[in-house]
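Here are the chains, one letter per residue:
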Amino acid sequence: MIKLIRTRDYDDMSRKAANIIAAQIVLNPASVLGLATGSSPVGTYKNLVAMYEAGDLDFSQISSYNLDEYRGISRSNDQSYYYFMNENLFDHVNINKDATHVPNGENLDAENECTTYEAAVRAIGGVDLQLLGMGRNAHIGFNEPCDEFPKATHCVDLTESTIEANKRFFASADDVPRQAYSMGIGTIMCAKKILVVVSGEDKAEALKNSVYGPVTPQVPGSILQFHPDVTIVADEAALSLCPAE
Ligand code: F6R
């Protein structure tokens with residue numbers, strides 16, 4: 001079941017998404033949150049930090065599991081997703097850092113890292129609320145279009161286009177990680193609730209195909225149609241190819 005929430009722009013999307021996460025935290029102060037990196041959730045995190053600073057939110061019992069991380073990146077590298085989460089959220093709220101989890105990119109033993117991470121998420125029975133962004137090709141996490149939905153946390157070979165797109169953030173193209181650890185589609189689908197933030201015209205095709213198209217691993221976001229509780233908060237530009245309701 002997908003509930004689509006229409007918003008004006010990125011700021012409006014971010015406020016509404018933050019309100020949904022805030023409601024989750026208020027209703028269950030010990031929630032397990034699934035978190036994402038990238039540009040889509042930055043505004044959502046800013047709003048959550050503002051609510052915390054206003055005294056409206058308490059993260060002291062919250063725990064979290066992030067979707068993904070580059071393999072072979074140090075946690076102190078400012079391009080690591082570990083660093084991103086501290087910078088954008090964890091350093092600014094009263095979350096217990098020991099209760100925050102990001103796949104460990106410093107562990108080069110891919111099988112060990114993926115099995116351990118998957119077991120941890122499965123042991124809690126899936127996260128309570130999973131926040132997702134969506135790629136231009138409808139990828140979720142690092143689950144790119146492919147022939148079969150990846151089930152569990154796995155090691156992904158980054159595509160040449162992703163390496164090319166990311167090289168601007170690194171000293172040179174050689175420094176861009178070649179692989180990443182990512183929750184699988186099966187891991188993501190274990191979440192009790194899913195919240196997706198989608199902004200911008202370059203996501204319009206991916207959003208339309210994910211919500212209204214056939215469910216296929218070639219459009220990873222389309223699997224969300226099979227989840228019982230998905231809310232997509234999207235702005236006008238991202239909704240531009242969706243039928244008006
Ligand atoms: C981030 C992640 C990715 C992004 C997606 C959209 O943890 O797993 O799937 O959500 O690539 O990225 P942005 O938000 O930068 O457009």
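Before any of the text, the structure's been laid out above.
Residues numbered from 1 in each chain as written. Predicted model: local features only at pLDDT ≥ 70, side-chain atom pairs only at ≥ 80, totals over all residues. Heavy atoms only, no water.

Novice: I'd like a rundown of helix H4 (residues 110-123), residues and numbers included.
Specialist: Look at H4: 20 Å from first C-alpha to last across 14 residues, which is about the 20 Å you get at 1.5 Å a residue. Those residues of H4 that sit buried are Glu113, Cys114, Tyr117, Glu118 and Val121. Seen along its axis, H4 keeps its buried residues to an arc of 120 degrees; they face one direction. Facing away from the buried side of H4 by over 90 degrees, the exposed positions are Glu111 and Ala123. Residues of H4 that are buried make contact with strand S3 (63-66), strand S5 (100-101), strand S7 (154-157), strand S8 (179-182) and helix H6 (185-189). The positive-phi residue at the C-terminal boundary of H4 is Gly125, with phi of around 80 degrees. (Helix = DSSP H or I, 4+ residues; strand = E, 2+ residues; numbered from the N terminus. Expected span 1.5 Å × (residues − 1). Buried < 20%, exposed > 50% of the residue type's maximum accessible area, 1.4 Å probe, protein only. Arc of directions from axis to C-beta. Contact = heavy atoms within 4.5 Å.)

Novice: Got a sec to walk through the environment of Ala234? Specific residues and values, please.
Specialist: On the secondary structure map, Ala234 appears in strand S10 (residues 230-235). Taking the C-alpha atoms as reference points, Ala234 and Arg178, separated by 56 residues in sequence, lie 31 Å from one another. Residues in contact with Ala234, not counting those within four places in the same chain, are Ile5, Arg6, Thr7, Val198, Leu207 and Leu239.

Novice: Any chance you could break down the packing of aromatic side chains for me, citing the residues and the numbers?
Specialist: Within the structure shown, the criterion is met by six aromatic pairs. Between Tyr81 and Phe142, the ring centres sit 6.3 Å apart and the planes meet at 10 degrees, which makes this aromatic pair stacked. With Tyr81 in helix H3 (residues 81-88) and Phe142 in the loop between strand S6 (129-132) and S7, the pair connects residues that are 61 residues apart, well separated along the chain. Judged by relative accessible area, which is 8%, Phe142 ranks as buried. (Phe/Tyr/Trp six-rings, centres within 6.5 Å; stacked < 30°, edge-to-face > 60°.)

Novice: Kindly report on the site of the ligand, identifying the contributing residues and their values.
Specialist: The ligand sits among 13 residues. The nearest are Ser40, Asp68, His139, Gly141 and Lys203. One of the side-chain N or O atoms of His139 is found 2.6 Å from an oxygen atom in the ligand. Interatomic distance of 2.8 Å between a side-chain N/O atom of Lys203 and an oxygen atom of the ligand. When isolated, the ligand has an accessible area of 410 Å², and the protein chains bury 83% of it. Here the residues of the shell around the ligand are counted per class, giving three nonpolar, eight polar and two charged. (Near = heavy atom within 4 Å. Polar contact = N/O pair within 3.5 Å; in protein donor to acceptor, adjacent residues only side chain to side chain. Areas by Shrake-Rupley, 256 points an atom, 1.4 Å probe, with all protein chains shown as cover. Nonpolar A, V, L, I, M, F, W, Y, C, P; charged D, E, K, R; others polar.)

Novice: I'd love a proper account of unusual backbone geometry, names of residues and values included.
Specialist: For Ala138, which is not a glycine, the phi torsion comes out positive at approximately 70 degrees. Along the chain, Ala138 turns up in the loop between S6 and S7.

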